[in-house]
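# Architecture and fold: a report
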Amino acid sequence: MYDYLVVGSGLFGAIFAHEATKRGKSVLVIDKRNHIAGNIYTENKDEINIHKYGAHIFHTSNKEVWQYINKFAEFNRYTNSPIARYKNELYNLPFNMNTFHQLWPSEVFTPSDAKRKIDEEKAEAVCNLQGKEPSNLEEQAMCLIGKTIYEKLIKGYTEKQWGRSCKELPAFIIKRLPVRLTYDNNYFNDIYQGIPIGGYTKIIEKMLENIEVRLNCNYFDHKEELDKISKKIIFTGQIDQYYDYRFGRLEYRSLRFETTRLEEQNYQGNAVVNYTEYEVPYTRIIEHKHFEFGTQPKTIITKEYPLDISGSNEAYYPINDEKNQKIYQQYENLAKSETNVIFGGRLAEYKYYDMHQVIERALNLCK
Ligand code: FAD
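Reference entry: report on the structure contained in this document. (Residues numbered from 1 in each chain as written. Predicted model: local features only at pLDDT ≥ 70, side-chain atom pairs only at ≥ 80, totals over all residues. Heavy atoms only, no water.)

## A short note on the overall build of the chain
Assigned secondary structure in the chain consists of 11 helices and 16 strands. In terms of overall size, the chain behaves like a compact globule, its C-alpha atoms giving a radius of gyration of 22 Å where 367 residues would be expected to give roughly 21 Å. In terms of principal-axis extent, the alpha carbons of the chain reach across some 70 × 50 × 40 Å. Counting the 367 residues in the chain, one finds 53% classified as buried. Sequence-distant contacts, at least 24 apart, represent 71% of the contacts inside the chain between residues at least 6 apart. When the accessible surface of the chain is summed, it comes to about 18100 Å², and 47% of that surface belongs to carbon and sulfur atoms. A gap of 2 Å separates the mean positions of the 49 positive and 50 negative side-chain charges of the chain. (Helix = DSSP H or I, 4+ residues; strand = E, 2+ residues; numbered from the N terminus. Rg over C-alpha atoms; globule rule 2.2 N^0.38 Å. Buried < 20%, exposed > 50% of the residue type's maximum accessible area, 1.4 Å probe, protein only. Contact = heavy atoms within 4.5 Å. Areas by Shrake-Rupley, 256 points an atom, 1.4 Å probe, with all protein chains shown as cover. Lys, Arg positive; Asp, Glu negative; His and termini not counted. Charge placed at Lys NZ, Arg CZ, Asp CG, Glu CD.)

Rendered as structure tokens:
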């Protein structure tokens, strides 16, 4: 009899399993996939660590979380500074002085030039609403940042990501669009940032050292047997599936990854390039070697295509709109009444968590 059955060997499950084992508990970890590490899984090919489920950049301002994850890996000095490509134009992200000069090369040289230009465009957008509140994402974005940035850097990307026109998307999706009036291309504001040297999978391997793990094991295919051999369950899969969708399915956006090995050393000169025009069907291209400053003779790139979650597509981004939140709340209420099952992680809590948030949640649960 195990003290804990941990369903899912992603970051949440692995931390819980590690901490429980450290406290003398017996733990069995299962995963339906044929590998550990969930969505942070990296696979080494041609000596390049490939982020199999999308680019993962670790960032946090929480010192405890940073110190914790550094026990399992050494991090490099990678700083996320994506490039946006719109037709034949290239822009720095996040929106900063470099971007503003690239957008208005003959008008913007100083922070006050940039502020004036953006304020002018924002005022025009507000004026066009004639006193009404923004009723959709397009109106909201234009009021927050103006027409030029919206049309070149937000519209197409957002429409691809959500599979709908910005006019049909609710305004609440974009609450803030921060602009930086400095020449700073660092995407994150956090104090700590980096990529684990050698990939993320090694972190999970280290966490799960000496812990029994069963791969290719879907909890729902063996529920009766697994429930019998464990006192408590930590469930990190989809909560709606756990309850057999009794209140309906929770919606997600999915992604298709198209990975190609290229016979050249350097394809795009940056780990992440976003394609912001609608006509290009993918949202971004990842060139994995640049996460670790690779100098290998070959390179591997991945194009990310956003998709609906239907058929066998994986659930990636929860759609936390009103309708789905209402459904989730019903599942959450049921979950609270469970005595032997604890739900944790991005699928079980139906929240878009970054890695540092998952670590915080898992450590809090252990405490
Ligand atoms: P998962 O990693 O999803 O783990 C859940 C595990 O449970 C999976 O291995 C799954 O196979 C298993 N499982 C599910 N159901 C069952 C079942 N029935 N039986 C057995 N096993 C089951 N975060 C960042 O901090 N920085 C980033 O740059 C970043 N980029 C991201 C990019 C993308 C495309 C995505 C989707 C996420 C990104 N994240 C990023 C978020 C990060 O991936 C998550 O915070 C983290 O992986 C969540 O860990 P988890 O353990 O909750 O879930």
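## Here's the deal with the sheet that holds strand 14 (residues 299-308)
Within the open sheet, the 7 strands sit side by side as 7-6-12-13-14-11-15. Their pairing is mixed. In this open sheet, the two strands that pair with only one neighbour each are strand 7 (89-92) and strand 15 (317-318). Pairing geometry for strand 6 (residues 83-86) and strand 7, over 4 bridges, is antiparallel. Bridging across to strand 7, Y86 finds its partner in E89. (Pairing = 2+ DSSP bridges.)

## As for the nonpolar core
Ranked by size, the top nonpolar core spans 50 residues in total, and within it L11, F58, I204, M207, F291 and I359 carry the most contacts. Secondary structure elements with two or more residues in this core: strand 1 (2-7), helix 1 (11-22), strand 2 (27-30), helix 2 (63-69), helix 7 (201-207) and helix 11 (355-366). In terms of residues, this core owes the most to one element, helix 1, which gives 7 residues. Apart from the residues within four sequence positions on either side, F58 is in contact with V65, W66, I69, F75, Y192, Q193, G194, Y200, M355, H356 and I359. Counting residues in hydrophobic clusters, the runner-up holds 27 residues, among them L93, C143, L153 and C166. (Core = buried A, V, L, I, M, F, W, Y, C linked by side-chain atoms within 4.5 Å.)

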